[in-house]
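Chains, contacts and geometry: an overview
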Amino acid sequence: MQKIYPDNTRTALEVFRLYEASGEYFDISNPAHVTRDSIVIGQSEAVTNGYFVGSACIGCKLCYFVCPQKCIDISVKPVVIDQSCCLHCGRCVEICPKQTIEKRGYR
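Residues numbered from 1 in each chain as written. Predicted model: local features only at pLDDT ≥ 70, side-chain atom pairs only at ≥ 80, totals over all residues. Heavy atoms only, no water.

1. Concerning the side chain of Thr-100
With respect to the helices, strands and loops of the structure, Thr-100 is situated in the loop between helix H3 (91–95) and strand S6 (101–104). For Thr-100, a relative accessible area of 11% puts it in the buried group. Leaving out residues up to four positions away in the same chain, Thr-100 has contacts with Phe-52, Val-53, Gly-54, Ser-55, Ala-56 and Cys-57. (Helix = DSSP H or I, 4+ residues; strand = E, 2+ residues; numbered from the N terminus. Buried < 20%, exposed > 50% of the residue type's maximum accessible area, 1.4 Å probe, protein only. Contact = heavy atoms within 4.5 Å.)

2. Remarks on the packing of aromatic side chains
This structure, assessed with the given rule, holds one aromatic pair. Note on Tyr-64 and Phe-65: the rings are 5.6 Å apart at their centroids and 80° apart in plane angle, and the pair reads as edge-to-face. Under the relative-accessibility criterion, Tyr-64 is labelled partly exposed at 23%. Seen from the ring of Tyr-64, Lys-70 lies directly overhead, with NZ or CZ sitting 5.2 Å from the centre. (Phe/Tyr/Trp six-rings, centres within 6.5 Å; stacked < 30°, edge-to-face > 60°. Lys NZ or Arg CZ within 6 Å of the ring centre and 35° of its normal.)

3. Remarks on the pattern of salt bridges
With the rule as written, the count across this model stands at one salt bridge. The partner of Arg-104 in a salt bridge is Glu-102, and the shortest N-O contact between them spans 2.7 Å. (Salt bridge = Lys/Arg side-chain N within 4 Å of Asp/Glu carboxyl O.)

4. Digging into empty space enclosed by the protein
Scanning all chains against the criterion turns up two cavities of 30 Å³ or more. Empty space within the largest cavity amounts to approximately 90 Å³. Forming the walls of the largest cavity are 13 residues, and the residues nearest its centre are Cys-57, Cys-60, Cys-63, Cys-96 and Pro-97. Tallied by class, residues from the lining of the largest cavity come to nine nonpolar, two polar and two charged. If you add up the space inside the second largest cavity, you get close to 80 Å³. Lining the second largest cavity, in full, are Cys-67, Pro-68, Gln-69, Cys-71, Ile-72, Ile-81, Cys-86, Leu-87, His-88, Cys-89, Gly-90 and Cys-92. When its residues are assigned to classes, the lining of the second largest cavity shows nine nonpolar, three polar and no charged. (1 Å grid on protein atoms, 1.4 Å probe; cavity = no way out; pocket = protein on both sides within 12 Å on 5 of 7 lines; lining within 4 Å. Points joined across faces, edges and corners; volume = space filled by probe spheres on them. Nonpolar A, V, L, I, M, F, W, Y, C, P; charged D, E, K, R; others polar.)

And the structure:
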């Protein structure tokens, strides 16, 4: 940094302040159980992104079998996707015979 910003480099780094932001992060430290969560800085609101199952679900369980995380609760109908473990791969959407799974929250 000293070569790029001579003298007091601390003031140069003030350019990179974040006052407001929202996003998501993945914890991939355990590949068998990847988790996802939101992060918010400032007054921003967290947006829940993900795949959600509609009421037209017939409980066929095909989505569960193609899910690499097995994060779909098939004990209820409509089935429920655990957003904290979902990788957003979209395999569930592709296989759903009723096309009742939708992607929400993306801008």
